Each structure stands twice: as C-alpha cells, then as structure tokens.
Amino acid sequence: MERLSTQSFEEIRRWMYRNARPMELARWQYQFEEGSGENVVCALSAFQNEDGGFGHALDCDNWNPNSTPYNAGLAIEIFRELGIYDPHHPIVDKTFAFLDSGMYFTEKGWPFTVPTNSHYPHAPWWTYSEENNEQNGYHATGGIVGYILRCGEKESKLYQKALSVADGMLDKLRQREALEDHEVGAYCTLLEDILEAKLTHRFDSAYLSQRLCAMVNNSIERDPQKWPFYSMRPSQYIDSKESMFYPSNEEIVEKEMDYILATRHADGVWDISWKWEEYSEEFAISQRWWQGYWAIRNLLILRSFGRLG
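An account of the accompanying structure is given in this report. These numbers come from a predicted model, not from an experiment.

What counts and how
- Residues numbered from 1 in each chain as written.
- Predicted model: local features only at pLDDT ≥ 70, side-chain atom pairs only at ≥ 80, totals over all residues.
- Heavy atoms only, no water.
- Helix = DSSP H or I, 4+ residues; strand = E, 2+ residues; numbered from the N terminus.
- Buried < 20%, exposed > 50% of the residue type's maximum accessible area, 1.4 Å probe, protein only.
- Polar contact = N/O pair within 3.5 Å; in protein donor to acceptor, adjacent residues only side chain to side chain.
- Contact = heavy atoms within 4.5 Å.
- Axes fitted to C-alpha atoms, helices over the stretch in contact; angles between N-to-C directions.
- Left-handed = near helix turned anticlockwise from the far one by under 90°.
- Nonpolar A, V, L, I, M, F, W, Y, C, P; charged D, E, K, R; others polar.
- Expected span 1.5 Å × (residues − 1).
- Core = buried A, V, L, I, M, F, W, Y, C linked by side-chain atoms within 4.5 Å.
- Salt bridge = Lys/Arg side-chain N within 4 Å of Asp/Glu carboxyl O.

The next subject is the side chain of Asn136. Relative to the assigned elements, Asn136 resides in helix α6 (residues 130–136). For Asn136, a relative accessible area of 9% translates into the label buried. At 2.8 Å, the side chain of Asn136 and the side chain of Asn132 are in polar contact. Sequence-distant contacts of Asn136, that is, excluding residues within four places in its chain, are made with Phe112, Glu180 and Glu183.

Take a look at the structure:
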C-alpha cells in the first residue's frame, strides 16, 4: 500500500508556507503542526462581516464581499473541524445572528446563490438565478440546519426554523427518487448531526440512512478515468472508515487514495479540476487559493485512511 512519503509531505509543507492564504495556513498548522485553533478562528474572522455572515471569497470561487448563506455554511464546516459546538462562542453567536436575521431565509432554508454574487468576479455556478437555486435544493442548507440542531438553543427561534427546514428536507426525500449530487452530501451532513444531537426520536433516521446509502452509492463516480474532471469522487461522501457509507465501497476508496498520491504535481500540491468561463485574472488567484485548500483536504483524507508516511 503506497503512502505519502516524508519528503513529499515536506514539499507540500513548503508550498503551503510560500503560497497559502492565512486561512489555509492556520488550518494547516492546526491539523499538522499542533497549531492553535484560536489562530484559525482569528483568520476566519477576517472573512466575517458586521452582520455576522461571511463573504470576501471565503469560497474561493466567489469574490462577493457581502454575506451569503453558502459562506456561512463554509464557516460552520470550520467550526466543526475545530470542534466548536458552543452557540455562545463569539464567532458562532455572530453567525447565528446572521442566520436568524431572516436575510435570504425561506421555508426551504437558505438559497445557494444570492443577487449580489453577480456584481463581483465569480465562477459561473455562482451567478444568481432562481433556477440555479432550485436545482441545488438544500445544498447550502443541510449543513447549516444540522449544525443548529446539534448545538443551537432549543428554545430559540433559529432552532425552531431549523426543525421546520429539516422536516421539509425529509418530506422532499420521500417524494423524490433522486437528488442533485451535492444536495445528497448536505443530507448526509444533516443525518450525522441528527445522530449526534440524539434526535432520532424526532426524525426517521433509519429511513434517512437507508435512502442516503443508496443515493451515495449511485452518486459516486466509479470510473477513475473521469476523476481528472469535476466529479463526485468517493471522498465527497466518505471521509473515514467509520463512515456509514464505507462498507461496500472499500475498493473504490482505496483507488481514490492511489489516485490522490499519483496526481500530486511537481510543484508540491494538486491542480483543481475546474475553470471559470470569465474573469481569467481573478481565476488565476482563486486557483492558487484552492490549491492550498485541496492540499489540506487531500492530506486529511490520506491520513484518515492510513496513507500518510
């Protein structure tokens, strides 16, 4: 079984210190060098606006400085990474204030795109349209709702909103044979949070688990020849051997580990598999930002499956 060598790890480390944004460098240090979680929070707070939401290219493909629901979800992913589940933590409290403000919120949760996206450099999928939002469904919402249910205060209006949206997500799942691939991932996050929050009495987690196992298996791209292009590789859904989606997918997961190891380029990290149709100068910058993000992601996946040195 091939593993990432110590020399290769050091090449990636040097690349990060030379090229990564402060946000990704702080995460690198936290994950691989016993760095401080407080430093990650400090770096993340630079992307937080006065209204409590996040903008300023926290998602490297969207240079909108204004607060967007999707960026709030990305911030919540970092809270999870740091193990922050305290609703009174200052950065979480401000984030919840944004989510509770009613901005962009509907009975279906929070939308994928917002109108101000179109005013700034961005990837084509971030162009605002209601059709785009409909196609993405609960993509931006599932992780937000799950996090609120996991650590929000049960008496709060925001928690009650999250309960209502989660009910809507389950209703949609019962009515649809298939979901958009990224939306499937949002449901997977919700399921994990339902289990962690011990809300299995409130939601039919057995049904949710059964449906999502089938959907994940259908969504995974199983042809490695297609992985150089944007596709749903196994790690989009399976991040450890403890994942409920790992059984029956062991072989394809190991193929992806081999693929990750084989596709690191000479500069030390990995290329991304997509491009923008416009804003070529800004994309060149975003591409470099993404490389730092994916370096961390790939090493975390390799570590999780025992493929680091």
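Having put the structure on the table, let's press on.
Their axes nearest at 10 Å, the elements helix α9 (residues 181–196) and helix α10 (residues 205–219) cross at an angle of 145°. Taken as a pair, α9 and α10 cross one another with a handedness that is left-handed. Of the residues in α10, those in contact with Asp181, Val184, Tyr187, Cys188, Leu191, Ile194 and Leu195 of α9 are Ser205, Leu208, Ser209, Leu212, Met215, Val216 and Ser219. When its residues are assigned to classes, the contact of α9 with α10 shows 10 nonpolar, 3 polar and 1 charged.

Let's shift gears to helix α8 (residues 157–175). Across its 19 residues, α8 extends 27 Å between first and last C-alpha, which sits within 8% of the 27 Å expected from 1.5 Å per residue. Burial in α8 covers these residues: Leu158, Tyr159, Ala162, Leu163, Val165, Ala166, Met169, Leu170, Lys172 and Leu173. Tucked inside the fold, the buried residues of α8 contact α5 (90–100), α7 (142–151), α9 and α10.

What follows is about the nonpolar core. Within the largest apolar cluster, 90 residues are counted, with the highest numbers of intra-cluster contacts made by Ile12, Leu44, Phe79, Leu99, Ile148, Leu149 and Leu212. Apart from the residues lying within four places of it in its own chain, the contact partners of Leu99 are Ala72, Ile76, Trp110, Ile144, Ile148, Leu158 and Lys161.

Of all 10 residues that make up α7, 9 are buried, and the element is covered over most of its length. For α7, every residue scored as buried is listed here: Gly142, Gly143, Ile144, Val145, Gly146, Tyr147, Ile148, Leu149 and Cys151. If you follow the buried residues of α7, they end up packed against α4 (69–82), α5, α8 and α9.

A separate point is the pattern of salt bridges. On inspection of all chains with the given rule, the structure shows 17 salt bridges. The salt bridge involving Lys108 is made with Glu134; its shortest N-O contact spans 3.9 Å. Of this pair, Lys108 sits in the loop between α5 and α6 while Glu134 sits in helix α6, and the two are 26 residues apart along the sequence. Among the residues examined, Lys108 registers a relative accessible area of 47% and is labelled partly exposed. With a shortest N-O distance of 3.1 Å, Arg150 and Asp193 are connected by a salt bridge. Of this pair, Arg150 sits in helix α7 while Asp193 sits in helix α9, placing them 43 residues apart in sequence. Given the relative accessible area of 1%, Asp193 is considered buried.

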